[in-house]
Amino acid sequence: MHSFGYRANAVVSFAIIILGMMCAMTSLSDNFNFPSPTADVKVLNINWFQKQPNGNDEVSLTMNISADLSSLFTWNTKQVSLWDGIIQSKEHAKFWSHTTNKYHFTDQGNNLRGKDYNLTLHWHIMPKTGKMFADKIVMTGYSLSENYK
Ligand SMILES: *[C@@H]1O[C@H](CO)[C@@H](O)[C@H](O)[C@H]1NC(C)=O
Ligand SMILES: *[C@@H]1O[C@H](CO)[C@@H](O)[C@H](O)[C@H]1NC(C)=O
């Protein structure tokens, strides 16, 4: 006959093994989730586009960034962070933001006139269990004018 102590110990180890398996399954099942986040950035205004005194081109843009990152949220997602923001729930993962780029785009040199550019939305996903990972959406087809403004 087993002592009470021995049984309690067996119950505890069993619980730990189940927990370990659940974590492994959670991380695994996340790999089978193919999220389809969408994002769109409209450049509403070029606030200025000029050559700095040091000769480098500088651009300040006002953008409307809209995104639907709700498909990134699974039951194993703790939070999604992007730029300097953190989204903690699926309900807040669909948003738009009217914003001016905080850190101005600059170029080493003065070669930005008439150039095409892409805007990339980066984010990190922090799961409840498993490894943190990063992803991004690249938006193409933007271009700068031939003249400074
Ligand atoms: C930004 O884009 C969203 C989604 O397209 C739209 O609903 C919103 O009115 C836009 N905001 C501005 C300030 O243009
Ligand atoms: C923008 O992204 C597209 C697709 O990834 C790429 O072919 C193109 O060269 C990029 N343009 C610039 C200016 O980086």
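Above this text you will find the structure in question.
Procedures and definitions
Residues numbered from 1 in each chain as written. Chains lettered and ligands numbered in written order. Predicted model: local features only at pLDDT ≥ 70, side-chain atom pairs only at ≥ 80, totals over all residues. Heavy atoms only, no water. Helix = DSSP H or I, 4+ residues; strand = E, 2+ residues; numbered from the N terminus. Buried < 20%, exposed > 50% of the residue type's maximum accessible area, 1.4 Å probe, protein only. Contact = heavy atoms within 4.5 Å. Areas by Shrake-Rupley, 256 points an atom, 1.4 Å probe, with all protein chains shown as cover. Near = heavy atom within 4 Å. Polar contact = N/O pair within 3.5 Å; in protein donor to acceptor, adjacent residues only side chain to side chain. Salt bridge = Lys/Arg side-chain N within 4 Å of Asp/Glu carboxyl O. Phe/Tyr/Trp six-rings, centres within 6.5 Å; stacked < 30°, edge-to-face > 60°.

J.: Explain the overall build of the chain here, please?
T.: From N to C terminus, the chain includes 1 helix and 8 strands. Element order for the chain, N to C, with α for helix and β for strand: α-β-β-β-β-β-β-β-β. Expressed as a percentage of the 149 residues in the chain, the buried residues total 30%. In the chain, of all internal contacts separated by at least 6 residues, the share reaching a separation of at least 24 is 65%. Element-wise, carbon and sulfur atoms account for 59% of the exposed surface of the chain, whose accessible area totals about 10300 Å².

J.: Would you mind showing me how to read the environment of Thr129 here?
T.: Secondary-structure assignment places Thr129 in the loop between β7 (116-127) and β8 (133-143). Classification of Thr129 as partly exposed rests on a relative accessible area of 24%. Spatially, the C-alpha atoms of Thr129 and Lys78 are 8.7 Å apart, while their sequence positions differ by 51 residues.

J.: So what exactly am I meant to see when it comes to the site of ligand 2 here?
T.: For ligand 2, the full set of nearby residues is Asp116, Asn118 and Thr140. Within the side chain of Asn118, an N or O atom sits 2.3 Å from an oxygen atom of ligand 2. The fraction of the free accessible surface of ligand 2 (360 Å²) that becomes covered by protein chains is 31%.

J.: Please explain the pattern of salt bridges as it appears in this structure.
T.: Where charged atoms from two side chains of opposite charge approach closely, those side chains can pair. Summed over all chains, the structure comprises 1 salt bridge. As a salt-bridge pair, Lys42 and Asp40 come within 2.8 Å of each other at their nearest N and O atoms. For Lys42, a relative accessible area of 47% puts it in the partly exposed group.

J.: I tried to follow the side chain of Asn56 on my own but got confused; where do I start?
T.: Position of Asn56 among the secondary structure elements: in the loop between β1 (38-51) and β2 (57-68). At 2.8 Å, the side chain of Asn56 forms a polar contact with the backbone nitrogen of Gly109. If near-sequence neighbours (up to four positions away) are discounted, Asn56 is found in contact with Gln50, Lys51, Asp107, Gln108 and Gly109.

J.: Would you explain the packing of aromatic side chains in this entry?
T.: Ring pairs (aromatic) are described by centroid distance and by the angle formed between their planes. Applying the stated criterion across every chain yields a total of 2 aromatic pairs. Centre to centre, the rings of Phe49 and Tyr148 are 5.2 Å apart; their planes meet at 70°, and the pair counts as edge-to-face. Here the residue Phe49 occupies a position in strand β1, and Tyr148 occupies one in the segment after β8, the gap between them amounting to 99 residues. Using a relative accessible area of 1% as the deciding quantity, one classes Phe49 as buried. For the pair Tyr117 and Tyr142, a centre-to-centre distance of 5.4 Å together with 25° between the ring planes defines the contact as stacked.

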